[in-house]
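Tertiary structure, described
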Amino acid sequence: SSGINAEYGLLSQLDSLYSNGEYTELLSLLDSCADFPSAELLWRHARALWQVFKSQGQNSSILARADRVSQIQDLVDMLDKALKLDPDCSAAHHWKAVLSNACSGSAGLKQQFKNLETMKYHLERAIELDPADTVSMTLLGAWHVELLELSWVQRNFISLYCTFPKCSYEEALDLFLKAEDLAPGSSVRNLYLAGKACFRLGRKSEARQYLEHAVNCPADTKEDQMVLEEAKRFYNSNF
């Protein structure tokens, strides 16, 4: 029991450092645990390295595509190790979905299309294992919406490399509404996409409600800011 408490204390400390953006200290603490690999430590390590990688990527474009792919692939490998140690670790499935998508996205369209089913599988597993994982719900809903909004040419291009995945606005909306029930108004992206899915399904008054809520959300991060701008454009061009 003291061992369990110690591990819980360590994980809480790691999560606190992550929330505060103290990545240098976080990574040095994770490095000091490298001899005792566990799924919980490995997915946290991959998550922290990904944040550092993203911030470096924003500051410079020096990384050649091949370097980017191999660096992100290292993180994907870390998550594969985590899932080998614990196939039922929800967060490892979530980050495997996110990072396999980032890795294939850096490798080019062909690889990204081939990774679509992998991404979907790991998001579905993450939600199955943690029914309160609203972030994975929003991502899985977005997976449907992004595929549905591809042009005819892009759809045909995907079909050259894999079977075009099954996707629907109904399924996407179910996911967004479930996330909204669990964490009302906490994600500008979820509100925007719920509004967009309602709009595409002809449910205009509901769409307006979600979009108005979205455009009045605070945007705490650069990503949220981008989503907010997109939500405003969508709202202004349709209402």
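Calculation criteria
Residues numbered from 1 in each chain as written. Predicted model: local features only at pLDDT ≥ 70, side-chain atom pairs only at ≥ 80, totals over all residues. Heavy atoms only, no water. Helix = DSSP H or I, 4+ residues; strand = E, 2+ residues; numbered from the N terminus. Rg over C-alpha atoms; globule rule 2.2 N^0.38 Å. Buried < 20%, exposed > 50% of the residue type's maximum accessible area, 1.4 Å probe, protein only. Contact = heavy atoms within 4.5 Å. Areas by Shrake-Rupley, 256 points an atom, 1.4 Å probe, with all protein chains shown as cover. Lys, Arg positive; Asp, Glu negative; His and termini not counted. Charge placed at Lys NZ, Arg CZ, Asp CG, Glu CD. Expected span 1.5 Å × (residues − 1). Patch = residues over 30% accessible without salt bridge, like charges linked within 9 Å, V, L, I, M, F, W, Y side chains within 5 Å. Salt bridge = Lys/Arg side-chain N within 4 Å of Asp/Glu carboxyl O. Core = buried A, V, L, I, M, F, W, Y, C linked by side-chain atoms within 4.5 Å.

**A closer look at the overall build of the protein chain**
On a plain count of helices and strands, the protein chain comes out with 13 helices and 0 strands. Relative to the globule expectation of 18 Å for 239 residues, the C-alpha radius of gyration of the protein chain, 19 Å, shows essentially globular dimensions. Over its C-alpha atoms, taken along the principal directions, the protein chain stretches across nearly 55 × 40 × 35 Å. Counting over 239 residues, the protein chain shows a buried share of 43%. Intrachain contacts of the protein chain at a sequence separation of at least 6 include 61% that bridge at least 24 residues. Accessible area of the protein chain: about 13000 Å², with a carbon and sulfur share of 52%. With 24 positive and 32 negative side-chain charges, the protein chain shows a spacing of 9 Å between the two charge centroids.

**What about helix α5 (residues 90-107)?**
Over its 18 residues, α5 extends 26 Å from the first C-alpha to the last, a length consistent with the 26 Å expected when each residue adds 1.5 Å. Across the 18 residues of α5, 14 count as buried, placing the element largely inside the fold. Once α5 finishes, G108 follows within two positions and takes phi at roughly 120 degrees, a positive value.

**Describing a nonpolar patch on the surface**
On the surface, L109, F157 and L160 cluster together into a nonpolar patch covering about 300 Å² of accessible area. By the secondary structure assignment, L109 is in helix α6 (residues 109-114).

**Focus on the nonpolar core**
Taken as a class, soluble globular proteins show a tendency for nonpolar side chains to be buried jointly. Ranked by size, the top nonpolar core spans 73 residues in total, and within it L14, W50, W95, L99 and Y192 carry the most contacts. In this structure, W50 is in contact with I72, L75, W95, V98, L99 and A102, ignoring residues within four places of it in sequence.

**Looking at the environment of V227**
Inspection of the secondary structure puts V227 in helix α13 (residues 222-238). Look at V227 and you get buried, because its relative accessible area is 14%. For the pair V227 and L140, spaced 87 residues apart in sequence, the C-alpha separation works out to 16 Å. Setting aside its immediate chain neighbours within four residues, V227 contacts V188, R189 and Y192.

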